[in-house]
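What follows is the residue order along each chain.
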Amino acid sequence: MVNKAGPKFHFLCFGVGAVGIYLGGSLMKIGHHVTFIDRPEKAEEVRKKGLHLTINNRVHDIENPDVIPTIEEALTHGPFDAAIFAVKGYDTDHVLKYLLPYQVALPPFICIQDGIGNEARLVNVLGPDKVIPAVLTTTIRKTGLGSATVIHERGIGMSGNHQLTAAIIDAFNQTGMRVRRYRDATSMKWSKLLFSLMTNASGAILQMTPEEIIRDPELRQIEIHQIQETLKVMKSQHIRTVNLVGFPIRWLNLLMSDNVSPKLRDYALIKLVVEQLGIVMPLLADDLKKEKRSCEVSTLNSAVVRHALQSDISAPVNAGLSHLLTGIINGKINPQTYYKNKVAFIEFIQSFQMPSMY
């Protein structure tokens, strides 16, 4: 149930993509003020068209959103209580370089990005007292400029000891979003990585749905191996798994144990993926279909590879998936080679060797 009571905050939201529309739009619905910042070519049109957020088949129209094309102008609309950092992981360094001259004037950042290491980049620019780690398990799709649809509503995790964290969590909970606070940000972020890895790279390369992948015995083994590799890296670095809002990561961890029979693991894993991910194509698949030259691969499978190398652990499946995705994104590998081609895909992954440096 949405609760409109409580203090109202002024948020600065970076990006009017799916996540920005969902979080910013939800906060605006109950009276919080949100100033968005996005590219000039988007800002004016979104201001005119408004924001349109669909949740449970109900469209919420938000007229005249405050969308600004530059940080210089946006700061004149402040002061801000907090910022929602909703840009793609591969854009992080570019945006932070742009923000560096304004670090003193910037509020604390809620880092809602996927992947590992984005918080450290923010700390380098903003300082340790201005970063609030967060994860989002709700699945959202952008359906047009200024428009987004919630596919599967789950929740949000936040961590850190910032003095505003509790109040920000209350503000988000007022919208009806389920928010849980975690003591250990590292465990929270790595647990979200496990969630993000499942069928993501395989689905993008093969252009297959999560259900199609997990029901195929051979493709399912690749998913199992990439998760087992990730859990091995986490164990080597003393990172524990935690249940995310709406997704039982610790159960997934238990399923990957050598003590679990393959038959039970297959049954439970199929059930988990079909119920949680189903026939919704992964975002990486959308990126590849649109022939984007950047994608979240650098913050997903390759993050596992980098940390595996640090711990002197082999992660060949993650390395192979990362190599294939990177090659397709860079135009060095023809995506048609692996389009619905399970045989070629499996042969490549099985033959790929862990690089000595990635």
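Further up the page is the structure itself.
Conventions adopted
- The residue count restarts for each chain, going from 1 along the sequence in the order it is written.
- pLDDT decides what is reported in this predicted model: residues at 70 or higher carry local features, side-chain atom pairs at 80 or more are listed and counted, and totals for whole chains, interfaces and linings draw on all residues regardless.
- Remark: hydrogens and water are excluded; side-chain values derive from all non-hydrogen atoms of the structure.
- Two strands form a pair only when DSSP identifies at least two bridges running between them.
- Only runs of H or I of at least four residues qualify as helices and only runs of E of at least two qualify as strands under DSSP, and these elements are numbered from the N terminus.
- Under this scheme, a helix contributes an axis fitted over its contacting stretch, all axes are lines through C-alpha atoms, and angles between N-to-C directions fall in the 0 to 180 degree range.
- Residues are treated as being in contact if the distance between any of their heavy atoms lies within 4.5 Å.
- Partly exposed describes any residue whose relative accessible area lies between the buried limit of under 20% and the exposed limit of over 50%, with all areas from a 1.4 Å probe on protein chains only and scaled to the type maximum.
- Handedness rule for crossovers: strands pointing away from the viewer, path from the first strand over the helix to the second running clockwise, crossover right-handed.
- The term salt bridge refers to a side-chain nitrogen of Lys or Arg lying within 4 Å of a carboxyl oxygen of Asp or Glu.
- Only buried residues count toward a nonpolar core. Its members are Ala, Val, Leu, Ile, Met, Phe, Trp, Tyr and Cys residues joined through side-chain atoms within 4.5 Å.
- Aromatic contacts are taken between Phe, Tyr and Trp rings whose centres are within 6.5 Å, Trp giving its six-membered ring; a plane angle under 30 degrees counts as stacked, one over 60 as edge-to-face, and the others as tilted.

Let's talk about the sheet that holds strand S6 (residues 82-85)
Logical step 1: The eight strands are arranged S5-S2-S1-S6-S7-S8-S11-S12 in an open sheet whose pairing can be described as mixed. Bordering the open sheet on either side are strand S5 (66-68) and strand S12 (179-182), each of which pairs with just one other strand. Each neighbouring strand pair of the sheet contributes to a mean axis angle of 25°, computed without reference to strand direction.
Logical step 2: Two elements, S6 and strand S7 (residues 109-111), share three bridges in a ladder whose sense is parallel. Each bridged residue has a counterpart across the sheet, and for Phe85 the counterpart in S7 is Cys111.
Logical step 3: Relative to strand S8 (residues 131-136), helix H7 (residues 185-197) is tilted by about 30°, and along the sheet it contacts S7, S8, strand S11 (156-159) and S12.

Thoughts on unusual backbone geometry
Logical step 1: The omega torsion across Gly78 and Pro79 is 5°, close enough to zero to call that bond cis.
Logical step 2: Note that Pro79 resides in the loop between helix H3 (71-75) and S6.
Logical step 3: One non-glycine residue, Asn56, adopts positive backbone phi at about 55°.
Logical step 4: Along the chain, Asn56 falls in the loop between strand S3 (51-55) and strand S4 (58-62).
Logical step 5: Look at Asn56 and you get exposed, because its relative accessible area is 65%.
Logical step 6: Of note, His238 is a non-glycine position whose phi angle comes to about 60°, a positive value.
Logical step 7: On the secondary structure map, His238 appears in the loop between helix H10 (217-236) and helix H11 (249-255).

A closer look at the pairing of strand S2 (residues 33-37)
Logical step 1: Across the five residues of S2, four count as buried, placing the element largely inside the fold.
Logical step 2: Across five bridges, the pairing between strand S1 (residues 10-14) and S2 is parallel. Residue pairing in the sheet places His10 in a bridge with His33 of S2.
Logical step 3: Between S1 and its parallel partner S2, the chain crosses via helix H1 (residues 18-29), and the hand of that crossover is right-handed.
Logical step 4: Where S2 lies against S5, three bridges are found, and the strand directions are parallel. When the sheet's bridge partners are listed, Phe36 is paired in S5 with Val67.

Considering the pattern of salt bridges
Logical step 1: For the structure shown, the criterion picks out nine salt bridges.
Logical step 2: Asp266 serves as the salt-bridge partner of Arg220, at 3.1 Å between the closest nitrogen and oxygen. Remark: Asp266 occurs in helix H12 (residues 262-276) and Arg220 occurs in helix H10; sequence separation between them is 46 residues.
Logical step 3: What makes Arg220 buried here is its relative accessible area of 7%.
Logical step 4: Asp266 sits in the buried class, given a relative accessible area of 18%.
Logical step 5: Among the ionic contacts, a cluster of salt bridges with common partners joins Asp216, Glu218 and Lys342.

Re the nonpolar core
Looking at soluble globular proteins, one finds that nonpolar side chains tend to be buried together.
Logical step 1: One finds Phe11, Tyr22, Ile84, Ile110, Ile156, Met158 and Phe172 to be the most contacted residues of the largest nonpolar core, which totals 37 residues.
Logical step 2: With five residues, H1 is the single largest residue contributor to this core.

Digging into the packing of aromatic side chains
Ring pairs (aromatic) are described by centroid distance and by the angle formed between their planes.
Logical step 1: In the structure shown here, the tally under the stated rule is seven aromatic pairs.
Logical step 2: Both rings, one in Phe195 and one in Phe247, keep their centres 4.6 Å apart while their planes meet at 75°; by these two values the pair is edge-to-face. Here Phe195, found in helix H7, pairs with Phe247, found in the loop between H10 and H11; they are 52 residues apart in sequence, far enough to count as distant. The residues Phe195 and Phe247 share a single accessibility class, namely buried.

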